[in-house]
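Descriptive analysis of the structure
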Amino acid sequence: AEEALKHPSVEQVVMVELDEKVVEIAKQHFGTIHRGVFDSPRLKLLIEDGLKFVAETKDRFDHIALDLPDPIGPATALYEEAFFRDCKRALAPGGILTLHMGSPWSRPDRVEALYARLAKLFKFARPYTMFIPLYGCLWAMCACSDATDAASVGPAEIDTRIAARALTH
């Protein structure tokens, strides 16, 4: 939410969190990370089940960013085709879904299966990797859309867009 709200064109971020205690702990202990985002009038924080929210919402979103727990126990449903279909339905025309797929080094089977599921549902499913210092390893991500090909925007264009928006770190 903090990163998204750096962009002046973002009118609202809807954050859905299952566990209110997670938000309380973040507010209390991670101020240098969230930088006061919970006080932003552009943040709509919902404490509810994200699976249910996505299945029932009538809203359409330009971007859905999933930051999911590991796919074990009740969270397994967040990695199934039905949930991704609901996410796809909740996207506005031209919208994009982004999510992490896990570590390609420690769980290549999980990353491969998840990518196959996403590629089956979306016209464009563009995987990419990044090093996550907190986890100490490379992490696989994916940008999915039926209309927006994330791979069509190169690094120079991204730098130009960031500069035009006067974004800072």
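Predicted model only: the values in this text are computed from it and were never measured.

Tallied over the entire structure, the rule returns three aromatic pairs. When the centroid spacing of 4.7 Å and the interplanar angle of 40° are considered together, the rings of Tyr 135 and Trp 139 count as tilted. Above the plane of the ring of Phe 122 lies Lys 88, whose end atom (NZ or CZ) is 5.5 Å from the centre.

Here the focus is the sheet that holds strand E6 (residues 137-145). Ordered in space as E3-E4-E6-E5, the four strands form an open sheet in which the pairing is mixed. Whereas interior strands pair on both sides, the edge strands pair on one side only; in this sheet they are strand E3 (61-66) and strand E5 (124-132). Each strand axis lies, on average, 20° off the axis of its neighbour in the sheet, ignoring direction. With five bridges connecting them, strand E4 (residues 91-102) and E6 associate as antiparallel partners. What sits directly across from Thr 98, in E6, is Ala 143. Relative to E4, helix H4 (residues 81-90) is tilted by about 145°, and along the sheet it contacts E3 and E4. Contacts between helix H5 (residues 108-121) and the sheet are confined to E4, E5 and E6, with E4 contributing the most and set at about 170° to the helix.

A separate point is H5. Three or four residues apart is the spacing at which side chains of an α-helix point the same way, because the helix has 3.6 residues per turn. Counted at 1.5 Å a residue, the expected span for H5 with its 14 residues is 20 Å, and the 20 Å between its end C-alpha atoms agrees. Turning to H5, its buried residues number three or more, namely Val 111, Leu 114, Leu 118 and Leu 121. Buried residues of H5 fall within an arc of 95° about the axis and therefore sit on the same side. In H5, those exposed residues whose orientation departs by more than 90 degrees from the buried face are Glu 112 and Lys 120. Where H5 is buried, its residues contact H4, E4, E5 and E6.

Right, let's talk about a nonpolar patch on the surface for a bit. Nonpolar side chains collect at one region of the surface, where Ile 25, Phe 30 and Ile 33 lie side by side and expose about 280 Å² of accessible area between them. Turning to its location among the elements, Ile 33 is positioned in helix H2 (residues 31-34).

This part covers the state of the cysteines. Counting across every chain of the model gives zero disulfides. For the unlinked cysteine Cys 137, the closest cysteine sulfur is that of Cys 142, found at 17 Å. Cys 142 takes part in no disulfide bond, and the closest cysteine sulfur, belonging to Cys 144, lies 3.7 Å away. The class for Cys 142 is buried, based on a relative accessible area of 0%.

Take the side chain of Glu 2 next. Tracing the backbone through its elements, the reader meets Glu 2 in the segment before strand E1 (13-17). Apart from the residues within four sequence positions on either side, Glu 2 is in contact with Ile 33, His 34, Arg 35 and Val 37.

Time to look at the pattern of salt bridges. This structure, assessed with the given rule, holds eleven salt bridges. For the salt bridge of Asp 109 with Arg 107, the shortest nitrogen-to-oxygen distance reads 3.3 Å. For Asp 109, a relative accessible area of 47% gives the class partly exposed. Judged by its relative accessible area of 33%, Arg 107 falls in the partly exposed class. Three or more residues are tied together by salt bridges with common partners; here these are Glu 2, Glu 3, Lys 6 and Arg 35.

Definitions and limits used
- Residues numbered from 1 in each chain as written.
- Predicted model: local features only at pLDDT ≥ 70, side-chain atom pairs only at ≥ 80, totals over all residues.
- Heavy atoms only, no water.
- Phe/Tyr/Trp six-rings, centres within 6.5 Å; stacked < 30°, edge-to-face > 60°.
- Lys NZ or Arg CZ within 6 Å of the ring centre and 35° of its normal.
- Pairing = 2+ DSSP bridges.
- Helix = DSSP H or I, 4+ residues; strand = E, 2+ residues; numbered from the N terminus.
- Axes fitted to C-alpha atoms, helices over the stretch in contact; angles between N-to-C directions.
- Contact = heavy atoms within 4.5 Å.
- Expected span 1.5 Å × (residues − 1).
- Buried < 20%, exposed > 50% of the residue type's maximum accessible area, 1.4 Å probe, protein only.
- Arc of directions from axis to C-beta.
- Patch = residues over 30% accessible without salt bridge, like charges linked within 9 Å, V, L, I, M, F, W, Y side chains within 5 Å.
- Areas by Shrake-Rupley, 256 points an atom, 1.4 Å probe, with all protein chains shown as cover.
- Salt bridge = Lys/Arg side-chain N within 4 Å of Asp/Glu carboxyl O.
- Disulfide = S-S within 2.5 Å.

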